[in-house]
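Fold and contact review
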Amino acid sequence: MNYLYRNENSKTAARAVSSLYLIALLLQCGVCSGDEGMLGVLTPQQEVGLEPRIEGQLVAVHVRIGDVIEAGELIAELDDEPFRQDLAEANARLDAARAKLEAAEARVSVAQEALQRRRTLVEQQAVSREAVSEAEEDVALAAAELNEARASVLQQAAIADQVRTRLRNTRVVAPFGGTVAERYRNPGMTASPGRPVVRIISNDMLRARFAAPVERASELSVGGALEVGICLLYTSPSPRDS
């Protein structure tokens with residue numbers, strides 16, 4: 001059974017959940033004073049193992065366990081130099097494709113003007129109709145090259161956008177505000193999808209989870225109030241949080 005737990009100390013409790021040294025967070029959830037209660041745990045409303053969307057080597061991790069962070073805050077950075085080089089190459093190919101497109105547009109314009117002149121000359125009986133047919137073939141060829149050039153620009157632009165996205169993804173940011181509950185990786189290590197750098201939990205609200213015996217189900221109701229007692233048990237600090 002789940003109940004939302006909120007009071008003036010909810011953020012303090014959330015930070016307690018985030019501690020590495022927390023052995024147990026126990027609840028005595030009773031429906032009336034003096035009740036022996038039901039054993040449960042507190043869990044955050046939101047939590048996430050924050051991982052990059054691409055694989056790379058970590059060059060910086062900007063948070064430690066227990067740090068309170070804001071949504072959108074920069075948490076970690078991957079080495080972006082390979083992606084910057086890829087983007088420079090992609091932009092160079094895009095520039096080359098655009099230059100070819102401009103040249104193809106110019107050829108179409110020239111071919112169309114030539115076709116128009118020959119049509120005028122045919123009306124004046126200055127050239128044969130075969131000359132017009134040749135000019136029409138030139139226009140068709142130039143138009144085909146123009147279509148290929150346009151397709152090439154679209155393709156290279158899409159590739160450049162993909163590389164630009166990978167470059168942006170070297171920055172790992174917090175999806176919501178909260179507290180750093182765990183730090184798994186340090187600079188120099190490899191991070192990738194499925195290999196989180198830190199774990200973040202939300203501070204705004206906690207969820208009380210406990211099992212209610214069947215014989216006591218009738219004592220509970222939707223919207224009913226519960227008394228929640230919290231017992232925090234800690235061990236000595238872990239070296240990893242120093």
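Residues numbered from 1 in each chain as written. Predicted model: local features only at pLDDT ≥ 70, side-chain atom pairs only at ≥ 80, totals over all residues. Heavy atoms only, no water.

As a further point, take the confidence of the model for the protein chain. The predicted structure's coordinates, where accompanied by low pLDDT, should not be read in detail. With 79% of its residues at a pLDDT of 70 or more, the protein chain shows a mean pLDDT of 82. Mean pLDDT across the elements of the protein chain ranges from a minimum in strand 2 (residues 22-30), with 38, to a maximum in strand 7 (residues 74-78), with 98. Segment residues 1-34: pLDDT under 50, and 114 contacts once partners within four positions in sequence are set aside and those in other chains are kept. Overall, residues 234-242 carries pLDDT values under 50, and its contacts beyond four positions in sequence, including any with other chains, amount to 15 contacts. (pLDDT = per-residue confidence, 0-100. Helix = DSSP H or I, 4+ residues; strand = E, 2+ residues; numbered from the N terminus. Contact = heavy atoms within 4.5 Å.)

What follows covers helix 2 (residues 81-123). Helix length check: helix 2, at 43 residues, gives a terminal C-alpha distance of 64 Å against a target of 63 Å (1.5 Å per residue), a fit within 8%. Of the residues making up helix 2, those classed as buried are Phe-83, Leu-87, Ala-90, Leu-94, Ala-97, Leu-101, Ala-104, Val-108, Ala-111, Ala-114, Leu-115 and Val-122. Where helix 2 is buried, its residues contact helix 3 (129-168). Gln-125 occupies a position one or two residues after helix 2 and carries a positive phi of about 60°. (Expected span 1.5 Å × (residues − 1). Buried < 20%, exposed > 50% of the residue type's maximum accessible area, 1.4 Å probe, protein only.)

Counting 23 residues, the largest nonpolar core has Leu-58, Val-63, Ile-69, Ile-75, Val-197, Val-198 and Ile-200 as its most contacted members. The next biggest cluster of nonpolar side chains, apart from the first, holds 15 residues, and it includes Ala-111, Val-132, Ala-135 and Ala-142. (Core = buried A, V, L, I, M, F, W, Y, C linked by side-chain atoms within 4.5 Å.)

This part is about the sheet that holds strand 11 (residues 198-201). What the four strands build is an open sheet, ordered 4-11-9-6; its pairing is antiparallel. A single partner strand is all that each edge strand has here, and the edge strands are strand 4 (47-50) and strand 6 (68-69). Bridging between strand 4 and strand 11 involves four bridges; their strand directions are antiparallel. Paired with Gly-49 across the bridge in strand 11 is Arg-199. (Pairing = 2+ DSSP bridges.)

The subject of this paragraph is the pattern of salt bridges. One pass over the structure, following the stated rule, counts six salt bridges. Here Arg-84 and Asp-80 are joined by a salt bridge, their closest N and O atoms 3.0 Å apart. For Arg-84, a relative accessible area of 46% translates into the label partly exposed. With a closest N to O distance of 2.7 Å, Arg-164 and Asp-161 form a salt bridge. Here Arg-164 pairs with Asp-161, and both are found in helix 3, just three residues apart, close to one helical turn. Classification of Arg-164 by relative accessible area gives partly exposed; the value is 29%. (Salt bridge = Lys/Arg side-chain N within 4 Å of Asp/Glu carboxyl O.)

Bringing the sheet that holds strand 10 (residues 190-191) into the picture now. Spatially, the four strands line up as an open sheet ordered 8-7-5-10, and their pairing is antiparallel. The two strands at the open ends of the sheet, each matched to only one other strand, are strand 8 (171-173) and strand 10. Where strand 7 lies against strand 8, three bridges are found, and the strand directions are antiparallel. Its bridge partner being in strand 8, Ala-76 is matched across the sheet by Val-172.

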